[in-house]
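Listed below are the residues making up each chain.
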Amino acid sequence: MTAPARTSITAFPRGHEFSPATFTLSPDQVRAYLDAVGDTNDYGNTIPPLAAVALGLDALQSEIALPEGSLHTGQEIEHAAILCAGDALKLSGRIAQRSERQGYVISVIEFEIADIDGTSIRARTTIMAPAGGDA
Amino acid sequence: MSTEVASVIRQLPQSRINAYADASGDHNPIHIDPVFAATTPFGGTIVHGMLVLALIGEMMRASFGEAWSTTGKLKARFKAPTRPGDTVTASASLSREKDGAAEYAVQCATQTGEVVIEGRATVVVSA
């Protein structure tokens, strides 16, 4: 199977659905995340919600290219249940909003990360990218 | 369950930014390449917004445990860049309690008092 080509985020229209992806976060990946941010809370074998979002965004970027000068300007997250390290996670996402302002394209990516039971984390990420910028 | 939330204070040196880039996969050069970043309007590297936001997640988890992970909601706006070496304080102020949920105004501010993230966090504090 060929990985989808990466497309500048500015090119995606509102309503665009990204290809569903499946990924797993290992305990080592979660540990590396916690060490990097300096979080010493005990999460056991669970995935901190913001780690799931950060690593989910990374998974989405197999499809999305960000032009130079792009900025992450907002983040929403809603936790419905705990996700566990090592579980297969399904990622689905779409462009929920798109607007242009002062030479920038403002895109809101809405995505959900769910385990096999369907429990999930939902997130909305706002990205401001230069219109016409090369990715 | 108490509704008090203890602040989290952390310095964010370039080494932590680099570690976060590796852990998250976000290697945008604005965060990790000083030569490239010097050519941008920021004039230098800036901290990942999600790394700064993680302090709010840590703060809420420390105060509410699994309740944060199972019922939490967070809405945040990245208002200004955080620079390598900045010391950031994440804090929360109770806005209201209703129907067993507590809503907080949350923010991250640098050592100069500049608010770099502000938003709202909600967690269920009683069944």
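All figures in this text were calculated on a predicted structure; none of them were measured in a lab.

Reading the values: rules and limits
- Residues numbered from 1 in each chain as written.
- Chains lettered and ligands numbered in written order.
- Predicted model: local features only at pLDDT ≥ 70, side-chain atom pairs only at ≥ 80, totals over all residues.
- Heavy atoms only, no water.
- Buried < 20%, exposed > 50% of the residue type's maximum accessible area, 1.4 Å probe, protein only.
- Helix = DSSP H or I, 4+ residues; strand = E, 2+ residues; numbered from the N terminus.
- Arc of directions from axis to C-beta.
- Contact = heavy atoms within 4.5 Å.
- Phe/Tyr/Trp six-rings, centres within 6.5 Å; stacked < 30°, edge-to-face > 60°.
- Axes fitted to C-alpha atoms, helices over the stretch in contact; angles between N-to-C directions.
- Nonpolar A, V, L, I, M, F, W, Y, C, P; charged D, E, K, R; others polar.
- Pairing = 2+ DSSP bridges.
- Salt bridge = Lys/Arg side-chain N within 4 Å of Asp/Glu carboxyl O.
- pLDDT = per-residue confidence, 0-100.

Novice: Any details on helix 1 (residues 27-37) of chain A? Residues and values, ideally.
Specialist: Restricting attention to buried positions, one finds in helix 1 of chain A the residues Val30(A), Tyr33(A), Leu34(A), Ala36(A) and Val37(A). In an axial view of helix 1 of chain A, the angular spread of the buried residues amounts to 160 degrees, which keeps them on one side of the axis. At its buried positions, helix 1 of chain A is contacted by helix 2 (49-60) of chain A together with strand 1 (8-12), helix 1 (14-24) and helix 4 (49-64) of chain B. Looking one or two places after helix 1 of chain A, you find Gly38(A), whose phi comes out positive at around 85 degrees.

Novice: An account of the environment of Ala90(B) is requested, with residue identities and associated values reported.
Specialist: All names here are of chain B. Mapped onto the secondary structure, Ala90 falls in strand 3 (residues 86-98). For the pair formed by Ala90 and Phe42, sequence separation is 48 residues and the distance between their alpha carbons is 23 Å. Look past the residues within four positions of Ala90 in its chain and what remains in contact with it is Ser7, Val8, Leu55, Ile56, Met59, Gln107 and Cys108.

Novice: So what's going on with the packing of aromatic side chains? Residues and values would help.
Specialist: Following the criterion strictly, the structure yields 3 aromatic pairs over all chains and no others. For the pair Phe12(A) and Phe18(A), a centre-to-centre distance of 5.0 Å together with 75 degrees between the ring planes defines the contact as edge-to-face.

Novice: Can you break down the packing of helix 2 of chain A against helix 1 of chain B residue by residue, with the values?
Specialist: One can describe the packing of helix 2 of chain A onto helix 1 of chain B by two numbers: an axis separation of 9 Å at closest approach and a directional angle of 65 degrees. Residues Ala54(A), Leu55(A) and Asp58(A) of helix 2 of chain A touch helix 1 of chain B, and the partners they reach there are Tyr20(B), Ala23(B) and Ser24(B). For the contact of helix 2 of chain A with helix 1 of chain B, the per-class residue count stands at 4 nonpolar, 1 polar and 1 charged.

Novice: Can you explain the pairing of strand 3 of chain B? Please cite residues and give values.
Specialist: Residues and elements named next belong to chain B. Bridging between strand 1 and strand 3 involves 5 bridges; their strand directions are antiparallel. Note that in strand 3 the partner of Leu12 across the bridge is Asp86. Count of turn residues in the strand 3/strand 4 (residues 101-109) antiparallel hairpin: 2 residues, of which Asp99 carries a positive phi of about 55 degrees.

Novice: Which residues make up the pattern of salt bridges, and what are the values?
Specialist: The full count for this structure, using the stated rule, is 12 salt bridges over all chains. Notably, a salt bridge pairs Asp35(A) with Arg31(A), separated by 3.2 Å at the nearest N-O pair. Of this pair, Asp35(A) and Arg31(A) are both found in helix 1, 4 residues apart, which corresponds to roughly one turn of the helix. For Arg31(A), a relative accessible area of 42% corresponds to the partly exposed category. The closest approach of N and O atoms between Glu103(B) and Arg120(B), which form a salt bridge, is 4.0 Å. Of the two residues, Glu103(B) is situated in strand 4 and Arg120(B) in strand 5 (residues 115-124); the sequence distance between them amounts to 17 residues. Taking relative accessible area as the criterion, Glu103(B) reaches 18% and is therefore assigned buried. Overlapping salt bridges, with partners in common, bring together Glu76(A), Arg94(A), Glu110(A) and Arg124(A) in one network.

Novice: Can you break down the confidence of the model for chain B residue by residue, with the values?
Specialist: Mean pLDDT over chain B: 95, with 99% of residues reaching 70 or higher. Complex prediction metrics read pTM 0.94 and ipTM 0.94.

Novice: Describe the sheet that holds strand 2 (residues 21-24) of chain A, naming the residues involved and giving the relevant values.
Specialist: Taken together, 10 strands build an open sheet; the order of strands is 2(A)-5(A)-6(A)-7(A)-4(A)-2(B)-5(B)-4(B)-3(B)-1(B) and the sheet is antiparallel. Two strands close off the open sheet at either side, each with one partner strand: strand 2 of chain A together with strand 1 of chain B. Neighbour-to-neighbour, the strand axes of the sheet open up by a mean angle of 20 degrees, direction not taken into account. Two elements, strand 4 (residues 71-79) of chain A and strand 7 (residues 120-130) of chain A, share 8 bridges in a ladder whose sense is antiparallel. Note that in strand 7 of chain A the partner of His79(A) across the bridge is Ile121(A).

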